[in-house]
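Architecture and fold: a report
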Amino acid sequence: MSHSDALVTINHFRMEFGNQTVISDLSFDIKKGETFGLLGANGSGKTTVIRALLGIYQPSAGELLINNKTYTVDSDIKLGYLPEERGLYKKETVMTVMTYFGRLKGMTKKAAVLWSLEYLERVGLAHKATTRLDKLSGGQQQKIQLGVTIMNNPELLILDEPTKGFDPVNRRLLMNIIEEHQRAGATVIFVTHQMEEVERLCDRIILLKDGTASAYGTIDHIKETYAGASLDDIFVSIYGDEPKAEEE
Amino acid sequence: MHNLHTVFSFEVTRTLKKKSFWITAFAFPVVISLVFGIIFFSNQATEQASVETKNQKFSFAYTDESQRINTQLASQLHATMLSNKQAGISQVKAGILDAYFYYPSDITTHKVEVYAKDVGLFDNNRYKATAEALLQQSTVATIPQETTAILQNKISYAATTYKDGVEYDGFKQLIAPGLFLVLFYILISMFGGQMLTSTTEEKENRVIEMILTTIQARTLIIGKILSLIVLALIQIVAIMIPLIIIYLQFGDRLSLPNIDLANLPLDPLRIAIGAGLFTLSFLLFTGLLVAVGAAMPTAKEASGFFGVIMVFIFGPLYAISLFVSAPQSQLVTFLSYFPLTAPIPLMLRNAVGNLSITEALTGIGVLGVSAIIILSLAIRLFRYGALEYSKRLSVSSLFVTKNNTPRR
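Residues numbered from 1 in each chain as written. Chains lettered and ligands numbered in written order. Predicted model: local features only at pLDDT ≥ 70, side-chain atom pairs only at ≥ 80, totals over all residues.

1. Here we look at the overall build of chain B
For chain B, the count of helices and strands is 18 helices and six strands. By the burial criterion, 29% of the 408 residues in chain B qualify as buried. Considering only residue pairs separated by 6 or more positions, chain B has 73% of its internal contacts joining residues 24 or more positions apart. (Helix = DSSP H or I, 4+ residues; strand = E, 2+ residues; numbered from the N terminus. Buried ≥ 20, exposed ≤ 12 C-beta atoms within 10 Å, placed from the backbone. Contact = placed C-beta atoms within 7 Å.)

Here you go:
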């Protein structure tokens, strides 16, 4: 499955950890500029797909391509990745960490500082620029992590449960920021359980179950398949009978 | 190169901002200064007390059955001679005399007896010192000056040794190449802990995924190692400057050995071998410490292995006499070529001059290959263990499991 306008192509991806098969056979693609929802119950393998796509895991079989190539840090694409497991250098100041990541993403120091100041102003944390990260609240740290993720205007933005731990105000702020990147032409992969967010942001979605795609397509198409049910109802109908696992 | 420089700058800058870095850097010279200060003031106080004791005048009498006391000398000290021991003791008891010394007929088998008025625990020493000085000076006056110098070990000797027909001072020769061994110990002792925990931070802070999708693991590890080397050098400078100042200002008062640095022999070949051995040894142990740290989920768990690694560094010191006296023994050969024990015997033997060129090159080869293997293993462990947030990574699992091995 490959399309000329696809930024991400996943073909017959299989992932095994020892004797356990997490993904059995998965194929889908994500077009340039679209916002794609990767959905599934806990333990369905969403994070595994992302980690394999980014080269953190080596797939047992199949290919996972970005711009028709296996991703490495030297790939010719600007990537913004907000992992599910979050954290930054807690003993460092906000500005030190943001500048560091900006530099690693290819920005000059000056550009990284200016961008960070602007971002902090926007998210109401300008006065915390010289504060150590471990002195910030959980929500404030999340904002910094999001800032680090979107530095240098990524072409591909991968957000693994980005609203986890956000209050409604910050959730709205996050949604606005994602929408801005959508408008700027970024491709967004959105891993979440929040169907409201999916309906608001995603063009297409895939629902993972038992290591394969249970549903794949536009939201309207999937709704039609399930006789016009809401995404919440579709989710419950697919996963409702499954015990909830804790890890992906 | 850009990312390597960024990692390097980040690691150096943030460490330099830490109070703990400067506390560690200055704790050593401060402790050394305190020790030297105590020695200095103690020497000064002892000297002063000695002068005061010498100048103190107290009345004393003596009885000399040994026939060794010079009466003229005793008179100069205003001492009076008594023929009766009991009378002397009685006069001290009555407070008529401050002290009374009794020299028995055979001073080799009987004690010289000192009776005196108590003037305090420390000041009471002046009586014995005076009795001793009177006997010594009386004896010295009866024998030739040269004999006195010989007996008092005041003769100076000048030894000249030759190697291959050329004048050779073994002690001075070992100073320059031996500095590499000292440097190695200082660096590992001061920075070993930091090397061990340098890679656990990313894991503990859950920042590893963002890092691994932004830069090469190799770049991160090398950047960290380079930063540790530079930080170690900064710390050494911070330690050495106060020590040099102390040496230059107070060296003569601290009875420190006076080394003529201007005439220190410098053997370019041994210094080059020393530098090579030091560099590779440092890389080998840095790699080992980083590898252990990368396999551990937390800094606390990693720290538990520090002692084990230190055994390899300090253990060979128990065979130090063998390295010098029996360099061709099987034990020394084994310790010289076993990678984890090799640094100490190789650097020490190079310093004392019993490491042949062939042995040095073999040692450099062993250390070089081992350093590359260990550093590669460290990078692999870091990449592979990146997402093992809560459990230790075994080296065997690196080679057995294939399914979730990172591909970068």
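2. Structural notes on the overall build of chain A
Per the secondary structure count, chain A includes eight helices and nine strands. For 248 residues, the compact-globule estimate of 2.2 N^0.38 gives 18 Å, and the C-alpha radius of gyration of chain A, at 18 Å, lies within 12% of that figure. Seen through its principal axes, chain A has C-alpha atoms that stretch 50 × 35 × 35 Å. (Rg over C-alpha atoms; globule rule 2.2 N^0.38 Å.)

3. Section: the sheet that holds strand β1 (residues 60-64) of chain B
Residue and element names in this part refer to chain B. With respect to topology, four strands assemble into an open sheet ordered β2-β1-β3-β4, the strand pairing being mixed. Both outer strands of the open sheet, β2 (80-81) and β4 (113-116), are each paired with one neighbouring strand and no more. Where β1 meets β2, two bridges bridge the pair, whose relative direction is parallel. The residue bridging Ala 61 from the neighbouring strand is Thr 80, located in β2. Relative to the sheet, helix α4 (residues 85-94) contacts β1, β3 (99-103) and β4, its axis offset from that of β3 by approximately 160°. Relative to β4, helix α5 (residues 125-140) is tilted by about 135°, and along the sheet it contacts β3 and β4. (Pairing = 2+ DSSP bridges. Axes fitted to C-alpha atoms, helices over the stretch in contact; angles between N-to-C directions.)

4. Quick notes on the interface of chain A and chain B
Between chain A and chain B, the contact holds 25 residues from the first and 22 residues from the second. For the side of chain A that touches chain B, the secondary-structure elements that each account for two or more residues are β1 (6-17), β5 (79-82) and α2 (94-104) of chain A. The element best represented in the side of chain A that touches chain B is α2(A), accounting for four residues. Split into classes, the residues belonging to the side of chain A that touches chain B amount to twelve nonpolar, six polar and seven charged. (Nonpolar A, V, L, I, M, F, W, Y, C, P; charged D, E, K, R; others polar.)

5. Quick notes on unusual backbone geometry
All names here are of chain A. You will see that Asn 152, though not glycine, has its phi angle at about 70°, which is positive. Take Asn 152: it is sitting in the loop between α4 (138-150) and β6 (156-160). C-beta crowding within 10 Å serves as the criterion here: with 20 such atoms nearby, Asn 152 is assigned to the buried category.

6. Here's the deal with the pairing of strand β8 (residues 204-209) of chain A
All names here are of chain A. In this sheet, β8 lies alongside strand β3 (residues 35-40) in parallel orientation, the contact comprising five bridges. Considered in β8, the bridge of Gly 37 is made with Ile 205. Summarising the sheet, β8 and strand β9 (residues 212-218) pair through six bridges and their orientation is antiparallel. Each residue of the ladder has a partner; that of Leu 208, found in β9, is Ala 213. Hairpin connection from β8 to β9: two residues lie between these consecutive antiparallel strands, with Asp 210 at a positive phi of about 50°.

7. Focus: helix α10 (residues 217-250) of chain B
Under the 1.5 Å per step criterion, the end-to-end length of α10(B) is 49 Å for 34 residues, consistent within 8% with the ideal 50 Å. When α10(B) is considered as a whole, its buried residues turn out to be Ala217(B), Thr219(B), Leu220(B), Ile221(B), Gly223(B), Lys224(B), Ile225(B), Ser227(B), Leu228(B), Leu231(B), Ala232(B) and Gln235(B). (Expected span 1.5 Å × (residues − 1).)

8. A few points about the packing of helix α11 (residues 268-295) of chain B against helix α17 (residues 357-384) of chain B
When two helices pack together, their arrangement is given by the angle between the helix axes and the distance between those axes. All names here are of chain B. Contact geometry for α11 and α17: axes closest at 8 Å, N-to-C directions at 25°. Classified by the interaxial angle, the pair formed by α11 and α17 is roughly parallel. Read as a crossing pair, α11 and α17 show a hand that is left-handed. When grouped by side-chain class, the residues that make up the contact of α11 with α17 number 20 nonpolar, six polar and no charged. (Parallel < 35°, antiparallel > 145°, perpendicular 65-115°, else oblique. Left-handed = near helix turned anticlockwise from the far one by under 90°.)

9. Overview of the nonpolar core
Counting 123 residues, the largest nonpolar core has Leu53(A), Val97(A), Ala291(B), Met347(B) and Ala378(B) as the members making the most contacts within it. The element contributing the most residues to this core is α11(B), with 14 residues. If near-sequence neighbours (up to four positions away) are discounted, Val97(A) is found in contact with Leu88(A), Tyr89(A), Glu92(A), Leu133(A) and Val148(A). Membership of the second largest hydrophobic core comes to 18 residues, among which are Ala99(B), Phe101(B), Ala131(B) and Leu135(B). (Core = buried A, V, L, I, M, F, W, Y, C linked by C-beta atoms within 7 Å.)

10. A closer look at the domain arrangement of chain B
Taken as a whole, chain B is organised into domain 1 (57-151) and domain 2 (172-400). The C-alpha centroid of domain 2 of chain B is placed 60 Å from the C-alpha centroid of domain 1 of chain B. (Domains from an automatic or database assignment.)

11. Examining the sheet that holds strand β2 (residues 20-31) of chain A
All names here are of chain A. In spatial order, the strands read β2-β1-β4; together these three strands make up an open sheet with antiparallel pairing. In the strand order of this sheet, the two ends are held by β2 and β4 (61-66), each with one partner. Strand-to-strand, the axes of this sheet are offset by a mean angle of 15°, without reference to chain direction. With eight bridges joining them, β1 and β2 adopt antiparallel strand pairing. Considered in β2, the bridge of Met 15 is made with Ile 23.

12. Observations concerning the confidence of the model for chain B
All names here are of chain B. On average, chain B scores 83 in pLDDT, and the residues at 70 or more come to 89%. Confidence over residues 400-408 falls short of pLDDT 50; this stretch has 23 contacts with residues more than four positions distant or in other chains. Listed scores for the predicted complex are pTM 0.74 and ipTM 0.84. (pLDDT = per-residue confidence, 0-100.)

13. Quick word on the environment of Ile23(A)
All names here are of chain A. For Ile 23, the position within the fold is in strand β2. Exposure remark for Ile 23: the 25 C-beta atoms within 10 Å place this residue in the buried category. Residues Ile 23 and Ala 61, spaced 38 residues apart in sequence, show a C-alpha to C-alpha distance of 9.9 Å. Setting aside anything within four residues of it in sequence, one finds Ile 23 in contact with Phe 13, Arg 14, Met 15, Gly 45, Thr 48, Val 49 and Gly 211.

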